[in-house]
Amino acid sequence: MAGPFDLRGKVAIVTGGNGGIGLGMAHGLADAGADIAVVGRNEAKSKAAVADLTGRGVRAIAVTADVSDKGDVAAMVERVVGNLGRIDILINNAGMSIRKPPHLLELEEWREVIDTNLTSAFLCSKAAYPALKSAGRGKIINIGSMLSIFGASFAPAYAASKGGIVQYTRACACAWAPDNIQVNAILPGWIDTDLTRAARKQIDGLHDRVLARTPAGRWGDIGDFAGIATFLSSSASDFVTGTAIPVDGGYSVMA
Ligand code: NDP
């Protein structure tokens, strides 16, 4: 792929890249020519994703790591630089949720969600920053949610983590603009993945309620993230930083 979206010669880390939205973004980056490090805890899933990505003609490696663990993250960055030579793009996508109202959520549950969704972005961004800076240009994409914007009685820690990720994005965008590192967030709407398949099993009528509330009239698909991730990873977005872009079929603008 030539032109402003060309990612040949670039190396991207995609946390949670072994499935769901992360894999959708990894597909986009690989199709634009980037080499990919797929990061997750499930080694078998990550190896399957790597086989899928190398089939698209790029180099890919699986890195088994818990992104909420500082030691794992340091080792992950070292392994990516050791194996793929550099880091140009970091996508902080790994995430999870625990469905409980605020008065029933335990401290350990709060910490698990905040650590997985928010502290992980801090750890990975800080660990990758020296490599991004020394490359002379870099891109970080953080994955938020509709709950970066809206309230939800059932997801207090998730909403706090996803609101926090937007403000963390803005802070890093301001801090690292002089290093030519752009930092942006993507806010997915309701996307068909393992995460929401679990929610659909628990909540009667969720599938149809999402359809009725989404102007596009459908659930999102992981393929909906290939283009936006490629744009935010490429030189086409060099003057775009600190933004939080909904990819939601219009969900966030529906009255
Ligand atoms: P999935 O459950 O399909 O994927 C989650 C990914 O995160 C998996 O690859 C998982 O890999 C990885 N992961 C989770 N915890 C850790 C950890 N501690 N360390 C390393 N990797 C981890 O979810 P989605 O694809 O739906 O979600 C991706 C992101 O998008 C999340 O941040 C989510 O909050 C966000 N999002 C999703 C929406 C949706 O509708 N699906 C809506 C809004 C936001 P492994 O199990 O191998 O560790």
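The rules behind each value
- Residues numbered from 1 in each chain as written.
- Predicted model: local features only at pLDDT ≥ 70, side-chain atom pairs only at ≥ 80, totals over all residues.
- Helix = DSSP H or I, 4+ residues; strand = E, 2+ residues; numbered from the N terminus.
- Rg over C-alpha atoms; globule rule 2.2 N^0.38 Å.
- Buried ≥ 20, exposed ≤ 12 C-beta atoms within 10 Å, placed from the backbone.
- UniProt positions renumbered as here; feature names shortened; annotations may be inferred.
- pLDDT = per-residue confidence, 0-100.
- Pairing = 2+ DSSP bridges.
- Right-handed = clockwise from strand over helix to strand, strands pointing away.

1. Digging into the overall build of the protein
On a plain count of helices and strands, the protein comes out with eight helices and seven strands. The C-alpha atoms of the protein give a radius of gyration of 17 Å, which matches the 18 Å a tight globule of 255 residues would have. Along the longest, intermediate and shortest principal axes, the C-alpha atoms of the protein span 45 × 40 × 40 Å. Considering the protein as a whole, with its 255 residues, one finds that 47% of them fall into the buried category.

2. Quick look at the UniProt feature "domain: Ketoreductase" (unreviewed entry) in the protein
Using the residue numbers shown here, the UniProt feature "domain: Ketoreductase" (unreviewed entry) corresponds to residues 10–179. Taken as a whole, residues 10–179 contains 52% helix and 15% strand, while its terminal C-alpha atoms sit 17 Å from one another.

3. Re the confidence of the model for the protein
Low-confidence regions, as indicated by low pLDDT, have predicted coordinates that should not be scrutinised in detail. Summing up the model confidence of the protein, the mean pLDDT is 97 and the portion of residues at 70 or higher is 99%. Model confidence for the complex is summarised by a pTM of 0.98, with the ipTM given as 0.99.

4. Looking at the pairing of strand β5 (residues 138–143)
Counting buried positions along β5 yields six of six residues, so the element is predominantly enclosed. Where burial is concerned, the two faces of β5 agree: the one with G138, I140 and N142 and the one with K139, I141 and I143 are both buried. Inspection of the sheet shows strand β4 (residues 89–92) paired to β5 by four bridges, in the parallel sense. Within β5, the position partnered with I89 by the bridge is K139. Each parallel crossover has a hand, and the one from β4 via helix α4 (residues 107–134) to β5 is right-handed. Examined bridge by bridge, β5 and strand β6 (residues 181–188) share six bridges and lie parallel to one another. By the bridge assignment, I143 is partnered in β6 with I186.

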